[in-house]
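In case you want the letters, here they are:
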Amino acid sequence: MSNKKQQNVNKVEAKIIIDTNKLLEILEYWTIDDINKYLGQSNAIIFTEQIYEEFLRNSEKVKNWCLTKEIFIDDLKKYGCNKEIVKDIENINKDISQIKEKIRINFNNKRSILCAIIKNKVVVNTTEEIIKKARLRKEKGNPPSSGTSIGDEIIWESLLNLNDNIIIVTKDNTWSENEYFLKTEYEYVTKKQLIKFESKLDKAKDLIGEQDKMLEELERRNSFAQFPIFYDIAQQVKYYNNMINNIISPIDLNTINSIYHTLKYLKNIDDDCNNSDEDKINE
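Residues numbered from 1 in each chain as written. Predicted model: local features only at pLDDT ≥ 70, side-chain atom pairs only at ≥ 80, totals over all residues. Heavy atoms only, no water.

Participant: I'd like a description of unusual backbone geometry, backed by residues and values.
Facilitator: Omega for the bond connecting Pro143 with Pro144 falls within 30 degrees of zero, at -5°, which places this linkage in the cis form. Along the polypeptide, Pro144 turns up in the loop between α8 (128–140) and α9 (151–159). (Helix = DSSP H or I, 4+ residues; strand = E, 2+ residues; numbered from the N terminus.)

Participant: Tell me what's going on with the sheet that holds strand β3 (residues 122–124), and back it up with residues and numbers.
Facilitator: If you trace the five strands from one edge of the open sheet to the other, you get β3-β2-β1-β4-β5, paired in parallel fashion. The open sheet has two edge strands, β3 and β5 (194–198), and neither has a second partner. With strand direction ignored, the average angle separating the axes of adjacent strands in the sheet is 35°. As paired elements, strand β1 (residues 15–18) and strand β2 (residues 45–48) share two bridges and run parallel to each other. Each bridged residue has a counterpart across the sheet, and for Ile17 the counterpart in β2 is Ile46. (Pairing = 2+ DSSP bridges. Axes fitted to C-alpha atoms, helices over the stretch in contact; angles between N-to-C directions.)

Participant: Lay out the pattern of salt bridges with the relevant residues and their values.
Facilitator: Under the counting rule described, the total for this entry stands at twelve salt bridges. Across the pair Glu157 and Arg137 runs a salt bridge, and its minimum N-O distance is 2.9 Å. Taken together, the residues span a long stretch of sequence, with Glu157 in helix α9 and Arg137 in helix α8 at a distance of 20 residues. Across the pair Glu153 and Lys138 runs a salt bridge whose closest N-O atoms are separated by 2.9 Å. Highlighted residues: Glu153 in helix α9 and Lys138 in helix α8, separated in sequence by 15 residues. According to the relative accessible area criterion, Glu153 is buried, its value standing at 1%. Residue classification places Lys138 among the partly exposed positions, given a relative accessible area of 24%. Counted as one network, the salt bridges with shared partners bring together Lys22, Glu25, Lys171 and Glu219. (Salt bridge = Lys/Arg side-chain N within 4 Å of Asp/Glu carboxyl O. Buried < 20%, exposed > 50% of the residue type's maximum accessible area, 1.4 Å probe, protein only.)

Put into structure tokens, the structure is as follows:
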């Protein structure tokens, strides 16, 4: 049997819900073209009003982070970084400073587009009844739990109003750690299935027969999920030293993550801005 036929046999009919934490990651690292292609053009993706409002509320924090990205040179020198690498990082910081206005404009455009897509795909509004049920869920100690607020509880009570099989894309462990409870409740209340929790959108789309190698590569590049789990700092240092061919030695995980995220972010800004320039030329 061909791969395409096998894919069609195994696919499930379901809607995909993307949680707020994943949307904020998408806002930070995806380009405008990626957002339009993989979210805007998908009929399978839906949201609740609570997810939309959480995204609005937290997107400003992402913006502030994007505008203050900086790798601290003193930290690099402290960890024994050689002079050539320090010079490269100084140039990166200079680039960040020079294009901050471009970053701000690009971010605002990207956020507006993503907000419009999410709002257009909201299928359950937050009602007084949903809030009441969310508070009762919190008092009973039933998952999912949002800590002191009832945000996740409102999202879940909203989802219990659906009439679809669902797949939830989230990076929040409060969902996946309570998978059996939530699957059981969803099936009991809706007579449908909660198929699976996924941390990556490409995996969720695979399940409904919408495989896309470009999306898979996008998710791979924008996630540290492929990195191994370490049980002590020494293992972390050894692994990352080997990964960058011992150019920086010794080094800590936070510094490498900072370098990685900054380079990746600058590349996405360039891609978006270059595309915008091309659009103006073609107009």
